[in-house]
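# Descriptive structure summary
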Amino acid sequence: MHLLFATSIVPDGALASGYEIANAAIIAALRRAGARVTVIGFTWPGKPASDPQNTIVLGAVDVRTESASSLQKLAWVARAMLSGLTFASVKLRVVSDSEVRAAIERAGPFDGYVLNSVQFAGAFERLFDDRPSIFVAHNVEHRSARENAAAAGSILQRLLFRREAKLLEAVEERLCSRARFVFTLADEDRSALGVASDDRSAVLPLVTRSEAPKQRTQRRIDCDAALIGTWTWQPNRIGLDWFLEKVVPHLKADFRIRIAGSVPSGVTSTHPGVEFVGRVPDAQAFVRGAAVIPLISTAGSGVQLKTIETFELGLPSVATSHSLRGIDHRPANCVVTDDPLAFAAALAAAAADVRDVDGSAFHRRQVKALDAAIRLGLAKLNPVRQEAFA
């Protein structure tokens, strides 16, 4: 079976974001199931595709809103309004339908599409009706847009997010209804997308690496707690604001917290132990230097890749219940609470008595469940060849 994996950004091997980590895990699982996978989409500027022999590149785009100029943002908004597309999809309309169609034809004969998330599929929606498809919903995007609207700091932002939510809900409904099968990254997302039946959808348990990380008997502790993420992404920003405003004030002044990643202007903390360190060269080394990992998600859908990585590494953690969406098993050294005072107390206790566990069993469980779900979806995509994926 030959599949065309249609995505906004093709893999470049860097795995710099949760989206890219998830894509790598899904593509690898499709190939383990015996499918030939050709990827089509855009590259980041200056970052070539990691697998050029199996990739069709449509061009280079930078779709990050936080690094765009004010003029570029206004241009995206204007084009979205004129075209009726979402803000996220209009960023990808740097090539025409005919150019994308010609690129699809260059892939040669193939059996179906894997439409990876709503952005690319929404930008070129009319081009994917000629073959059966699987839709991969990384998040329930319209729900995230509504949460973003509720947390927006201005009336204009609120209106734009509400528009985005309305359009995204319609696009997600169409993509799900046309798909032979839908993959989500969290079980609750299946109901939110209207595909809760086992004949229509399955959850993809993810991993952040191809092999289970080697367990180390000792590690150097450089701080009490460490967080890393793309904090400019609104759902992550909502969780960070909750942590800094509700949890951190309950921690002692000598509790050391390091926060890595791009932080929006205006995000600060008066706690003397909080340090914003920006981009770090080695994300895994950074989190391994902390006594405990706070998993602080309070908004958004899909799965938290930071949670999965923490469990794979066997690191102690304190998690909100929202951080565990899409994960059926949590290790013994993960404390779950949504109460800020209890969260702070659990962080202090974990930092005072560091207890790592072996995360390899969690990794193996995730891979086994991921492969089973992929086989189920491929069987639905091509029922004639169902026995090949049973």
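Please refer to the structure higher up on the page.
Notes on the structure in this doc start here. Predicted model, so just to flag it, every value in this text is computed and none were measured.

We now examine the overall build of the protein. In terms of regular secondary structure, the protein is built from 13 helices and 13 strands. Here the C-alpha atoms of the protein give a radius of gyration of 21 Å, agreeing with the 21 Å that 2.2 N^0.38 yields for 390 residues. Each principal axis of the C-alpha atoms in the protein carries an extent, and together these give about 60 × 50 × 40 Å. When each of the 390 residues of the protein is scored for burial, the buried share is 53%. Partitioning the contacts of the protein with sequence separation of at least 6, the portion at a separation of at least 24 is 65%. Carbon and sulfur atoms make up 52% of the accessible area of the protein, which amounts to about 17500 Å² in all.

This part takes up the sheet that holds strand β5 (residues 133-137). Pairing within the open sheet is parallel, and its seven strands lie in the order β3-β2-β1-β4-β5-β6-β7. A strand with exactly one partner marks an edge of an open sheet, and here the two such strands are β3 (55-60) and β7 (201-203). Strand after strand, the sheet turns through a mean of 15° between neighbouring axes, direction not considered. The pairing of β5 with strand β6 (residues 181-184) spans four bridges and is parallel. Directly across from A137, in β6, lies its bridge partner T184. The strands touched by helix α4 (residues 97-106) within the sheet are β1 (2-9), β2 (36-43), β3 and β4 (112-116), with β3 carrying the most contacts at an inclination of about 160°.

Before going further, it helps to examine the packing of helix α11 (residues 305-313) against helix α13 (residues 360-381). Each pair of packed helices gets described by two things: the angle between the helix axes and the distance between those axes. For the pair α11 and α13, interaxial distance at closest approach is 6 Å and the crossing angle is 130°. Between α11 and α13, the angle falls in the class oblique. Counted together, I308, F311 and E312 of α11 and S360, F362, H363 and Q366 of α13 form the full contact between these two elements. When its residues are assigned to classes, the contact of α11 with α13 shows three nonpolar, three polar and one charged.

Moving on, we get to the pattern of salt bridges. For the coordinates displayed, the defined rule picks out 22 salt bridges. Here R209 ties to E312 by a salt bridge, and the two come within 3.2 Å at their closest N and O atoms. Note that R209 is positioned in the loop between β7 and β8 (223-228) and E312 in helix α11, a separation of 103 residues in sequence. Accessibility expressed as a relative area gives 18% for R209, which makes it buried. Since its relative accessible area comes to 0%, E312 is described here as buried. Salt bridges here are not isolated pairs; linked through shared partners, they connect E125, D129, R174 and R178.

So, on to the sheet that holds strand β10 (residues 274-278). Taken in spatial order, the six strands make up an open sheet running β10-β9-β8-β11-β12-β13, and their pairing is parallel. Edge positions in the sheet fall to β10 and β13 (334-336), since each has one partner strand and no second. Taken over all neighbouring pairs, the strand axes of this sheet differ in orientation by 25° on average, direction set aside. Here helix α9 (residues 234-247) sits on the sheet in contact with β8, β9 (257-260), β10 and β11 (290-295), set at roughly 160° to β9. Running at roughly 155° to β11, helix α12 (residues 340-352) makes contact with β8, β11, β12 (317-319) and β13 of the sheet.

Before going further, it helps to spend a moment on the packing of aromatic side chains. For the structure shown, the criterion picks out ten aromatic pairs. Where F110 meets Y113, the ring centres are 5.2 Å apart and the plane angle is 70°; that geometry is what we call edge-to-face. Y113 sits in the buried class, given a relative accessible area of 0%. With a centroid separation of 5.5 Å and 90° between ring planes, the pair formed by F311 and F362 is classed as edge-to-face. Of this pair, F311 sits in helix α11 while F362 sits in helix α13, and the two are 51 residues apart along the sequence.

Orientation of helix α6 (residues 141-151) relative to helix α7 (residues 155-178), taken along the N-to-C sense of each, is 170°, at an axis distance of 8 Å. Here α6 lies roughly antiparallel to α7, going by the angle between them. Across from E141, H142, A145, R146, N148 and A149 in α6, the residues of α7 making contact are R158, F161, R162, E164, A165, L168, E169 and E172. Partitioning the contact of α6 with α7 into residue classes produces five nonpolar, two polar and seven charged.

The subject of this paragraph is unusual backbone geometry. Its identity is not glycine, yet S117 carries a phi of approximately 75°, on the positive side. Inspection of the secondary structure puts S117 in the loop between β4 and α5 (118-123).

By secondary structure assignment, the location of S297 is in the loop between β11 and α11. Once residues lying within four places of it in the same chain are set aside, the contact partners of S297 are Q304, T320, H322, S323 and R325.

Burial of β6 is two-sided: the residues F181 and F183 facing one way and the residues V182 and T184 facing the other way are all buried. Note that β6 and β7 share three bridges and pair parallel. Considered in β7, the bridge of V182 is made with S201. Following the backbone out of β6, through helix α8 (residues 187-192) and into the adjacent parallel β7, one traces a crossover that is right-handed.

The subject of this paragraph is the environment of L30. Within the secondary structure, L30 is located in helix α1 (residues 18-32). C-alpha of L30 to C-alpha of G46: the two residues are 16 residues apart in sequence and 27 Å apart in space. Excluding residues that lie within four positions of it along the chain, L30 makes contacts with L3, F5, A35, V37, V114, I374 and L378.

Parameters and conventions
- Residues numbered from 1 in each chain as written.
- Predicted model: local features only at pLDDT ≥ 70, side-chain atom pairs only at ≥ 80, totals over all residues.
- Heavy atoms only, no water.
- Helix = DSSP H or I, 4+ residues; strand = E, 2+ residues; numbered from the N terminus.
- Rg over C-alpha atoms; globule rule 2.2 N^0.38 Å.
- Buried < 20%, exposed > 50% of the residue type's maximum accessible area, 1.4 Å probe, protein only.
- Contact = heavy atoms within 4.5 Å.
- Areas by Shrake-Rupley, 256 points an atom, 1.4 Å probe, with all protein chains shown as cover.
- Pairing = 2+ DSSP bridges.
- Axes fitted to C-alpha atoms, helices over the stretch in contact; angles between N-to-C directions.
- Parallel < 35°, antiparallel > 145°, perpendicular 65-115°, else oblique.
- Nonpolar A, V, L, I, M, F, W, Y, C, P; charged D, E, K, R; others polar.
- Salt bridge = Lys/Arg side-chain N within 4 Å of Asp/Glu carboxyl O.
- Phe/Tyr/Trp six-rings, centres within 6.5 Å; stacked < 30°, edge-to-face > 60°.
- Right-handed = clockwise from strand over helix to strand, strands pointing away.

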